[in-house]
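Residue strings, one per chain:
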Amino acid sequence: MSFKNLGLCDQLLRAIKEQGYDEPTPVQKEAIPVILNKRDILAGAQTGTGKTAGFTLPMLQLLHDHKPTKGKHHVRALILTPTRELASQVQESVEMYGKFLPFKSTVIFGGVKINPQIAALRKGMDIVVATPGRLLDHVSQKTIDLSKVDFLILDEADRMLDMGFINDIKKVLAVLPKQRQNLLFSATFSNEIKKLTDSLLNSPVLIEVARRNQSSEQIKQVVHPVDKTRKRELLTFLIKKDNWKQVLVFTRTKHGANRLAGQLEKDGITSAAIHGNKSQNARTKALADFKSGQVRVLVATDIAARGIDIDQLPHVVNYELPNVSEDYVHRIGRTGRAGNNGEAMSLVCVDENEFLANIEKLIKKDIHKSVIKGFAPDPSIKAEPINMGGGNRAKGGGGRGNSRNRNSNRNNNSRGANSSRGRR
Ligand code: AMP
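Residues numbered from 1 in each chain as written. Predicted model: local features only at pLDDT ≥ 70, side-chain atom pairs only at ≥ 80, totals over all residues. Heavy atoms only, no water.

A word on the pairing of strand E12 (residues 315-318)
Phase 1 of the analysis: Residue alternation in E12 divides its side chains into two sets, His315 and Val317 and Val316 and Asn318, and both sets are buried.
Phase 2 of the analysis: Looking at chain direction, strand E9 (residues 247-250) and E12 are connected through four bridges and run parallel. When the bridges of E12 are listed, valine 249 appears paired with valine 317.
Phase 3 of the analysis: Pairing of E12 with strand E13 (residues 342-348), which is carried by four bridges, proceeds in the parallel orientation. Within the sheet, the bridge partner assigned to valine 316 lies in E13 and is alanine 344. (Buried < 20%, exposed > 50% of the residue type's maximum accessible area, 1.4 Å probe, protein only. Helix = DSSP H or I, 4+ residues; strand = E, 2+ residues; numbered from the N terminus. Pairing = 2+ DSSP bridges.)

Shown next, in the form of structure tokens:
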């Protein structure tokens, strides 16, 4: 099946051709016709499956087919995402796929000045991509009118709920017109997601493409057992040994990310850290430097890495395993994307064996273990409880009316900062 058969206009086909896509991905094949049929959808698709084009292309097609009836340039499509990075990247996709169409789009998120956003909105936008908190600021300041929205898209809805955005989402829903098309994308389907979809979606068509954790053949996964105190040495060794040029490294905490980036720099490996405590500008710069190859290693916390979209990212390293198993799947999904091969390795110390067991249970397979010569763990070292990042721990995950319940032991360092009012 080609994009042509999906019923997309020439302007979109041209943009797709420019991207070099030969054929639609599975989620695109399934979602595009259903969306063009004006149905609501509930799609289980993770980053890396091509989901962004899966909703952006038919959305642009429908906006193109149906000229605005309710006056010129009002917001006709609203796309909500959990993080700023994802919002920016989705808007870039909207611009990219829509480059031969006349629609205007903008992105709205917190952590940056509101006035330029107000100025952009004043010009009249057809498509707005936003994180919920800052969007509500605009709603309450009446700098955005959402009363004529035809499309609502929730991207990574599970993450939005994880981050405690449920009340914000409800507030946004309250200012949208009742008649609209709703598209909801989520990597996982918890009871909370089901509750949300029941109230939000109108007889949705279910679309489920193979999840990364079941279809990760393209990602080579390996565990390197190592003592905690030697992880950094091992990481430096691995990077230098094979001369890795671009590697995304995950830590559990913001502090850990900063410290590791600093240490790698000392080892002569250009590195940057990206997490919720960094200003938006610093995060954007770190990501740009990483993408352009100026920085070899990007050290990230889970939430900061959401939506990072780098084509052909060859290496992902779990410097520390996540304590929430699903995050492992999200992390390794950064590599091996859209048909490319990738490698995900985890440096695992004895303290993390329980996390590893949980991850293997989730992905339903044992990950190959390979001890690197010279880095064999000392068998006399016994497991100790993991320090989840100190002071922030007592706060509970998510700053905005937290609704998370998956794992009481979860590190909330990154999530708390990202979703707290002051940092929107
Ligand atoms: P996403 O799941 O939306 O984050 O997309 C993952 C990556 O797949 C992005 O880098 C897209 O540019 C790429 N992509 C999307 N659709 C296709 C396609 N049909 N063929 C090849 N690559 C694609």
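Picking up after the structure, the text goes on.
Observations concerning the sheet that holds strand E11 (residues 297-300)
Phase 1 of the analysis: Sheet architecture is open: seven strands sit in the order E10-E11-E9-E12-E13-E8-E14, paired in parallel fashion. The sheet terminates laterally at strand E10 (271-274) and strand E14 (368-369), the two strands that pair on one side only.
Phase 2 of the analysis: Where E9 and E11 come together, four bridges link them in parallel fashion. Bridging from a neighbouring strand, valine 249 pairs with valine 299 of E11.
Phase 3 of the analysis: Contacting E9, E10 and E11, helix H12 (residues 280-292) runs over the sheet at an angle of about 145° to E11. (Contact = heavy atoms within 4.5 Å. Axes fitted to C-alpha atoms, helices over the stretch in contact; angles between N-to-C directions.)

Side note on the packing of aromatic side chains
Phase 1 of the analysis: Going through the model one piece at a time under the given rule, you end up with three aromatic pairs.
Phase 2 of the analysis: Taking the centre distance of 5.1 Å and the plane angle of 55° together, the rings of phenylalanine 55 and phenylalanine 185 count as tilted. Pair noted here: phenylalanine 55 is in helix H3 (residues 51-65) and phenylalanine 185 is in strand E6 (residues 181-186), with a separation of 130 residues, a long-range link.
Phase 3 of the analysis: On the basis of relative accessibility, which here comes to 0%, the residue phenylalanine 55 falls in the buried class.
Phase 4 of the analysis: Lying across the ring of phenylalanine 100, arginine 14 places its NZ or CZ 3.8 Å from the centre.
Phase 5 of the analysis: Taking the ring centre of tyrosine 319 as reference, the NZ or CZ of lysine 231 above it sits at 5.8 Å. (Phe/Tyr/Trp six-rings, centres within 6.5 Å; stacked < 30°, edge-to-face > 60°. Lys NZ or Arg CZ within 6 Å of the ring centre and 35° of its normal.)

Re helix H11 (residues 254-266)
Phase 1 of the analysis: End to end, H11 covers 19 Å across 13 residues, agreeing with the expected 18 Å (1.5 Å per residue, within 8%).
Phase 2 of the analysis: Listed in full, the buried residues belonging to H11 are Lys254, Gly256, Ala257, Leu260, Ala261 and Leu264. Burial along H11 is one-sided: seen end-on, the buried residues are contained in an arc of 155°. Summarising the geometry of H11, the exposed residues directed more than 90 degrees from the buried face are His255 and Lys266.
Phase 3 of the analysis: Glycine 268 lies just past H11 and shows a positive phi near 85°. (Expected span 1.5 Å × (residues − 1). Arc of directions from axis to C-beta.)

Observations concerning the sheet that holds strand E1 (residues 41-44)
Phase 1 of the analysis: Taken in spatial order, the seven strands make up an open sheet running E3-E4-E2-E5-E6-E1-E7, and their pairing is parallel. The sheet is open, and its two edges are formed by strand E3 (105-108) and strand E7 (205-208), each paired on a single side. Across the sheet, the mean angle separating the axes of adjacent strands is 15° when strand polarity is ignored.
Phase 2 of the analysis: Packing against the sheet, helix H5 (residues 115-122) makes contact with E3 and strand E4 (127-130), and its axis sits at approximately 155° to E3.
Phase 3 of the analysis: Sitting on the sheet, helix H9 (residues 191-200) is in contact with E1, strand E5 (151-154) and E6, with an inclination near 170° to E6.

Details of the side chain of arginine 134
Phase 1 of the analysis: Within the secondary structure, arginine 134 sits in helix H6 (residues 132-140).
Phase 2 of the analysis: For arginine 134, the side chain forms a polar contact with the main-chain oxygen of valine 112, separated by 2.8 Å. (Polar contact = N/O pair within 3.5 Å; in protein donor to acceptor, adjacent residues only side chain to side chain.)

Remarks on unusual backbone geometry
Glycine aside, negative phi is the norm for most residues, and most peptide bonds take the trans geometry.
Phase 1 of the analysis: For glutamate 156, which is not a glycine, the phi torsion comes out positive at approximately 55°.
Phase 2 of the analysis: By the secondary structure assignment, glutamate 156 is in the loop between E5 and helix H7 (157-162).
Phase 3 of the analysis: Backbone geometry places asparagine 243, a non-glycine residue, at a positive phi of 55°.
Phase 4 of the analysis: Given a relative accessible area of 42%, asparagine 243 falls into the partly exposed group.

Focus: the packing of H3 against helix H4 (residues 84-97)
Phase 1 of the analysis: At their nearest, the axes of H3 and H4 sit 10 Å apart, and the two run at 45° to each other. In this view, H3 runs oblique relative to H4, as classed from their interaxial angle. The two elements H3 and H4 meet at a crossing, and its hand is right-handed. Contact residues: Thr52, Ala53, Phe55, Thr56, Leu57, Met59 and Leu60 in H3; Val90, Ser93, Val94 and Tyr97 in H4.
Phase 2 of the analysis: Of the residues that constitute the contact of H3 with H4, the class distribution is eight nonpolar, three polar and no charged. (Parallel < 35°, antiparallel > 145°, perpendicular 65-115°, else oblique. Left-handed = near helix turned anticlockwise from the far one by under 90°. Nonpolar A, V, L, I, M, F, W, Y, C, P; charged D, E, K, R; others polar.)

Quick look at the nonpolar core
Phase 1 of the analysis: Within the largest apolar cluster, 42 residues are counted, with the highest numbers of intra-cluster contacts made by Leu8, Ile41, Leu57, Met59, Ile79 and Ile127.
Phase 2 of the analysis: A total of seven residues in this core trace back to one element, the largest contributor, which is H3.
Phase 3 of the analysis: Contact partners of isoleucine 127, with chain neighbours within four places excluded, come to Met59, Leu60, Leu63, Ala77, Ile79, Val94, Phe103, Lys104, Ser105 and Thr106.
Phase 4 of the analysis: Core analysis: the second largest hydrophobic core is formed by 34 residues, Val149, Met163, Val172 and Leu176 among them. (Core = buried A, V, L, I, M, F, W, Y, C linked by side-chain atoms within 4.5 Å.)

Structural measurements only, silent on function.
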